[in-house]
Amino acid sequence: SLLSYLRAPELLVQQGLASSLKSWLEQVRHQTTMAIEADLDSAVEPLLNAETKVAIYRVCREAVHNAIKHSGGSRVVVKIWRDGEAVRFSVGDDGCGFDVDA
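Quick summary incoming for the structure in this document. (Residues numbered from 1 in each chain as written. Predicted model: local features only at pLDDT ≥ 70, side-chain atom pairs only at ≥ 80, totals over all residues. Heavy atoms only, no water.)

Remarks on the pairing of strand β3 (residues 86-93)
Move 1: Of the strand pairs in this sheet, strand β2 (residues 75-83) and β3 are connected by 8 bridges, and their pairing is antiparallel. Paired with D83 across the two strands is A86, which belongs to β3.
Move 2: Counting the residues that bridge the hairpin from β2 to β3 gives 2 residues, and of these G84 lies at a positive phi of roughly 65 degrees. (Pairing = 2+ DSSP bridges. Helix = DSSP H or I, 4+ residues; strand = E, 2+ residues; numbered from the N terminus.)

Considering the pairing of β2
Move 1: Here strand β1 (residues 35-40) pairs with β2 via 6 bridges, running parallel. Following the sheet pairing, I36 is matched in β2 by V76.

Here's the deal with the side chain of K53
Move 1: Within the secondary structure, K53 is located in helix α4 (residues 50-70).
Move 2: By relative accessible area, K53 is classed as buried at 18%.
Move 3: In this structure the side chain of K53 is engaged in a polar contact, spanning 3.1 Å, whose partner is the side chain of E45.
Move 4: Not counting residues up to four positions away in its chain, the partners in contact with K53 are L12, L17, E45 and L48. (Buried < 20%, exposed > 50% of the residue type's maximum accessible area, 1.4 Å probe, protein only. Polar contact = N/O pair within 3.5 Å; in protein donor to acceptor, adjacent residues only side chain to side chain. Contact = heavy atoms within 4.5 Å.)

See below:
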(Lines give C-alpha, C1' and ligand atoms only; values in the text may rest on other atoms or scores of the structure.)
Protein backbone atom coordinates (compact mmCIF):
# COMPACT_ATOMS: atom_id res chain seq x y z
CA SER A 1 0.00 0.00 0.00
CA LEU A 2 2.78 2.43 0.92
CA LEU A 3 4.76 1.61 -2.24
CA SER A 4 1.65 2.14 -4.32
CA TYR A 5 1.17 5.56 -2.70
CA LEU A 6 4.77 6.60 -3.33
CA ARG A 7 4.68 5.75 -7.02
CA ALA A 8 3.26 8.24 -9.47
CA PRO A 9 -0.33 7.41 -10.49
CA GLU A 10 -0.21 5.58 -13.83
CA LEU A 11 -2.55 8.01 -15.56
CA LEU A 12 -0.34 10.92 -14.44
CA VAL A 13 2.74 9.29 -15.96
CA GLN A 14 0.94 8.47 -19.21
CA GLN A 15 -1.15 11.59 -19.79
CA GLY A 16 0.37 14.40 -17.72
CA LEU A 17 -0.89 16.53 -14.86
CA ALA A 18 -3.76 18.47 -16.45
CA SER A 19 -5.23 15.49 -18.25
CA SER A 20 -5.01 13.13 -15.29
CA LEU A 21 -6.58 15.70 -12.94
CA LYS A 22 -9.40 16.29 -15.44
CA SER A 23 -10.05 12.54 -15.57
CA TRP A 24 -10.03 12.23 -11.80
CA LEU A 25 -12.30 15.26 -11.35
CA GLU A 26 -14.75 13.76 -13.84
CA GLN A 27 -14.97 10.64 -11.67
CA VAL A 28 -15.49 12.76 -8.55
CA ARG A 29 -18.32 14.71 -10.23
CA HIS A 30 -20.35 11.48 -10.30
CA GLN A 31 -19.80 10.89 -6.58
CA THR A 32 -20.90 14.25 -5.15
CA THR A 33 -23.65 16.80 -5.45
CA MET A 34 -21.10 19.64 -5.42
CA ALA A 35 -20.35 21.31 -8.73
CA ILE A 36 -16.72 20.74 -9.62
CA GLU A 37 -15.06 23.11 -12.07
CA ALA A 38 -11.60 22.84 -13.55
CA ASP A 39 -9.40 25.33 -15.37
CA LEU A 40 -6.23 23.33 -16.01
CA ASP A 41 -3.60 24.72 -18.36
CA SER A 42 -1.62 21.94 -20.06
CA ALA A 43 1.13 24.50 -20.85
CA VAL A 44 2.50 23.83 -17.35
CA GLU A 45 3.69 20.33 -18.27
CA PRO A 46 7.18 21.24 -19.59
CA LEU A 47 7.89 23.35 -16.50
CA LEU A 48 7.41 20.51 -14.01
CA ASN A 49 9.45 17.45 -13.18
CA ALA A 50 7.74 14.16 -12.32
CA GLU A 51 7.99 14.62 -8.55
CA THR A 52 6.42 18.08 -8.69
CA LYS A 53 3.56 16.83 -10.86
CA VAL A 54 2.86 14.06 -8.35
CA ALA A 55 2.94 16.54 -5.45
CA ILE A 56 0.53 18.97 -7.15
CA TYR A 57 -1.75 16.09 -8.16
CA ARG A 58 -1.91 14.77 -4.60
CA VAL A 59 -2.39 18.19 -2.98
CA CYS A 60 -5.21 19.02 -5.39
CA ARG A 61 -6.92 15.68 -4.73
CA GLU A 62 -6.67 16.11 -0.97
CA ALA A 63 -7.96 19.70 -1.14
CA VAL A 64 -10.94 18.63 -3.26
CA HIS A 65 -11.72 15.78 -0.86
CA ASN A 66 -11.53 18.21 2.08
CA ALA A 67 -13.82 20.70 0.35
CA ILE A 68 -16.39 18.01 -0.37
CA LYS A 69 -16.21 16.57 3.12
CA HIS A 70 -15.93 19.68 5.29
CA SER A 71 -16.83 22.92 3.49
CA GLY A 72 -20.59 22.62 3.35
CA GLY A 73 -20.39 24.42 0.01
CA SER A 74 -21.95 23.77 -3.35
CA ARG A 75 -18.98 24.41 -5.64
CA VAL A 76 -15.26 23.55 -5.89
CA VAL A 77 -12.92 25.16 -8.41
CA VAL A 78 -9.51 23.69 -9.30
CA LYS A 79 -7.09 25.85 -11.28
CA ILE A 80 -3.57 25.28 -12.58
CA TRP A 81 -1.88 27.91 -14.69
CA ARG A 82 1.46 29.04 -15.99
CA ASP A 83 2.72 32.35 -14.64
CA GLY A 84 5.85 33.12 -16.63
CA GLU A 85 8.30 30.39 -15.71
CA ALA A 86 6.31 29.48 -12.58
CA VAL A 87 3.34 27.20 -12.11
CA ARG A 88 0.51 28.15 -9.79
CA PHE A 89 -2.48 26.18 -8.62
CA SER A 90 -5.46 26.73 -6.37
CA VAL A 91 -8.40 24.80 -5.04
CA GLY A 92 -11.25 26.91 -3.73
CA ASP A 93 -14.82 26.39 -2.62
CA ASP A 94 -17.81 28.49 -1.64
CA GLY A 95 -18.19 26.80 1.73
CA CYS A 96 -18.31 28.08 5.26
CA GLY A 97 -14.56 28.34 5.81
CA PHE A 98 -13.01 28.24 9.24
CA ASP A 99 -11.80 30.61 11.93
CA VAL A 100 -8.01 30.90 11.58
CA ASP A 101 -7.67 32.34 15.10
CA ALA A 102 -9.45 29.34 16.63
